[in-house]
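Summary of structural features
Here is what each chain is made of, one letter per residue.
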Amino acid sequence: MSDWWRGGVIYQVYPRSFQDDSGNGIGDLKGIIRRLDHIASLGVDAIWLSPFFTSPMDDMGYDISDYFDVDPLFGTLADFDRLIETAHGLGIKVIIDQVISHSSDRNPWFIESKSSKTNPKADWYVWADANTDGSPPNNWASVFGGSSWEWNATRRQYYLHNFLISQPDLNFHNPEVQDAVLGVLRFWLERGVDGFRFDTVNFYFHDKELRKNPPAHRGELRPEIDTYAMQKHVYDKNRPENLVFLTRVRKLLDEFGATSVGEIGDIDAIGLMADYTGGSERLHMAYTFDMLRLDYVPETYRSRVEGFFKTAADGWPCWSFSNHDVMRHVSRWADQGVSREVLARQAIALLLSFKGSVCIYQGEELGLPEAKLAYEELTDPPGIRFWPENPGRDGCRTPIPWDSGVAPNGFTTGTPWLPVKPEHSALNVADQDADENSVLNHYRAVLKYRKDNKVFVSGDISFFNTASPVLAFRRDLDDASVICAFNLSTEPVTMRLVKGAEGRLSDLSAAALSGSTLTLPANGFAFIEFAGAGNDARIAYSRPR
């Protein structure tokens, strides 16, 4: 089996917002095919397609009503087959989302399950009787707010939904459900996909006894924007049975030589990430939200990368700074950047330096900031429910601006489902493609540098004890080493290079090296290449008094 994924770079495509070919304002599979050359020009190894399956779109496709077909909004199965063929012809592998912890309430499986307590699929979802006072069976909370239990009048029971009411949870304690889900995976593997991104992979199993979750805080109640963060999610997810089921998934994937990356949603989930990827019988890769939400400071990155490999030496991570669920990172970290463009350049150099695989989210190669939307423009359920404290996820999901000029910049000939704001129009692909100093061309250069230097793909990593705001580490492979140094601040810093041999400062670096003095400007970074005895080189930096 090929291990291309180990150190590979994956580009996430959010189909609704990538390219509309039909003119209805919503991106589609034909549009993705049309723009595959753009993805290929970046030099990535694979694409990850967010859901394109048949869905009522209550959660923009993460509520699936038919696991075996393409929603007409996006095209047909024939379009999907052509996308696979075209991507493979360009040397791009295709990973697709699989949302199997829950389905849509309009999925035939759920329609049958809710019809009675005795039908063949009665136990395919998580059903429970009410307490004697009519209240839900326990205190479990939905990620999207409120209780995760909803009353069904036909069965006179509650069903579990960790997300929207219209997203009932499948009952993985039922072997028939496991078999059905594996059948879904086999269907797409037989169509030629190269792997899966598993949505909410730690949510599959629940506690069969339905025990109550403990509070997240001891003593005084600390109200959050929603109630989900007020619990320790001990019993509604992260159950040990999850790992057993993943061995069945891995066996199927190995049969096809396919790969997997799991989304682990939990607070400080590096330990879970290690559990889910350790050995050769579970997931190939996993990611958490740590780097997608925490501050842009050295401790964030050193603690997560170092912590992961100390916990699971035989596991494998997939790191990312942005995706379809979080604010775009150049907006999230704006206070740590001298400008959006400079911050974007440093961020991709940092991300591609880590040991592990990497995921890039569409539009970040343009340096797109979070779009600022009015309430009446929102489509995302959490944003609509918790506005303005939580504006939702629409701001990171707006369409890609392809052409010069005004909105919608070639994304569609119709009205886009979310607006293309003027700030995004100015960052369009066409203009950046023609500008050798653009963020887009910087992405291409850093990706090529990573691919050409195998030390970044498969080398070891060791961090130096540098004071904040400097993050510095060395990547080693055989007799080659690269020192990577980053100034995560808006003020220049100077540090000392302790070396056993002369090193070469890469042309990509935003830094100056004079003898043993390395100077990093605001948001600067350096790649210093060594061979042989240079493996003893290190960075020394102490905070000035």
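Scroll up a little and you will see the structure.
A few points on the structure. (Residues numbered from 1 in each chain as written. Predicted model: local features only at pLDDT ≥ 70, side-chain atom pairs only at ≥ 80, totals over all residues. Heavy atoms only, no water.)

With that settled, the discussion passes to the packing of helix H5 (residues 175-190) against helix H6 (residues 241-256). For the pair H5 and H6, the least separation of the axes is 11 Å and the interaxial angle reads 20°. In terms of orientation, H5 lies roughly parallel with respect to H6. For the pair H5 and H6, the crossing hand works out as right-handed. Listed contacts from H6 to Gln178, Asp179, Val181, Leu182, Leu185, Arg186, Leu189 and Glu190 of H5 are Phe245, Arg248, Val249, Leu252, Leu253, Glu255 and Phe256. Its residues assigned to classes, the contact of H5 with H6 shows nine nonpolar, one polar and five charged. (Axes fitted to C-alpha atoms, helices over the stretch in contact; angles between N-to-C directions. Helix = DSSP H or I, 4+ residues; strand = E, 2+ residues; numbered from the N terminus. Parallel < 35°, antiparallel > 145°, perpendicular 65-115°, else oblique. Left-handed = near helix turned anticlockwise from the far one by under 90°. Contact = heavy atoms within 4.5 Å. Nonpolar A, V, L, I, M, F, W, Y, C, P; charged D, E, K, R; others polar.)

All right, on to the pairing of strand S20 (residues 517-520) then. The alternating pattern of S20 places Leu518 and Leu520 on a buried face and Thr517 and Thr519 on a face that is not buried. Pairing analysis gives four bridges linking strand S17 (residues 493-498) to S20, with the strands arranged antiparallel. Bridging from a neighbouring strand, Thr494 pairs with Thr519 of S20. Pairing analysis gives three bridges linking strand S19 (residues 512-514) to S20, with the strands arranged antiparallel. For Leu513, the partnering residue across the bridge sits in S20 and is Leu518. Where S19 folds back onto S20 in an antiparallel hairpin, the turn is made up of two residues, including Gly515, whose phi is positive at roughly 65°. (Buried < 20%, exposed > 50% of the residue type's maximum accessible area, 1.4 Å probe, protein only. Pairing = 2+ DSSP bridges.)

What follows deals with the layout of surface pockets. The calculated volume of the second largest pocket comes to roughly 160 Å³. By residue class, the composition of the lining of the second largest pocket is six nonpolar, four polar and three charged. (1 Å grid on protein atoms, 1.4 Å probe; cavity = no way out; pocket = protein on both sides within 12 Å on 5 of 7 lines; lining within 4 Å. Points joined across faces, edges and corners; volume = space filled by probe spheres on them.)

The subject of this paragraph is the pairing of strand S16 (residues 480-487). By the criterion of burial, S16 is predominantly enclosed, with seven of the eight residues buried. Sheet analysis places strand S15 (residues 470-477) next to S16, joined by eight bridges and oriented antiparallel. The partner of Ala472 across the bridge, within S16, is Ala485. Joining the antiparallel neighbours S15 and S16 is a turn of two residues, in which Asp478 adopts a positive phi near 55°.

What follows concerns the sheet that holds strand S6 (residues 127-128). Strands pair in a sheet through their backbones, by hydrogen bonds, and they do so in one of two ways: parallel or antiparallel. Within the open sheet, the three strands sit side by side as S6-S8-S7. Their pairing is antiparallel. The sheet is open, and its two borders are formed by S6 and strand S7 (149-152), each paired with just one other strand.

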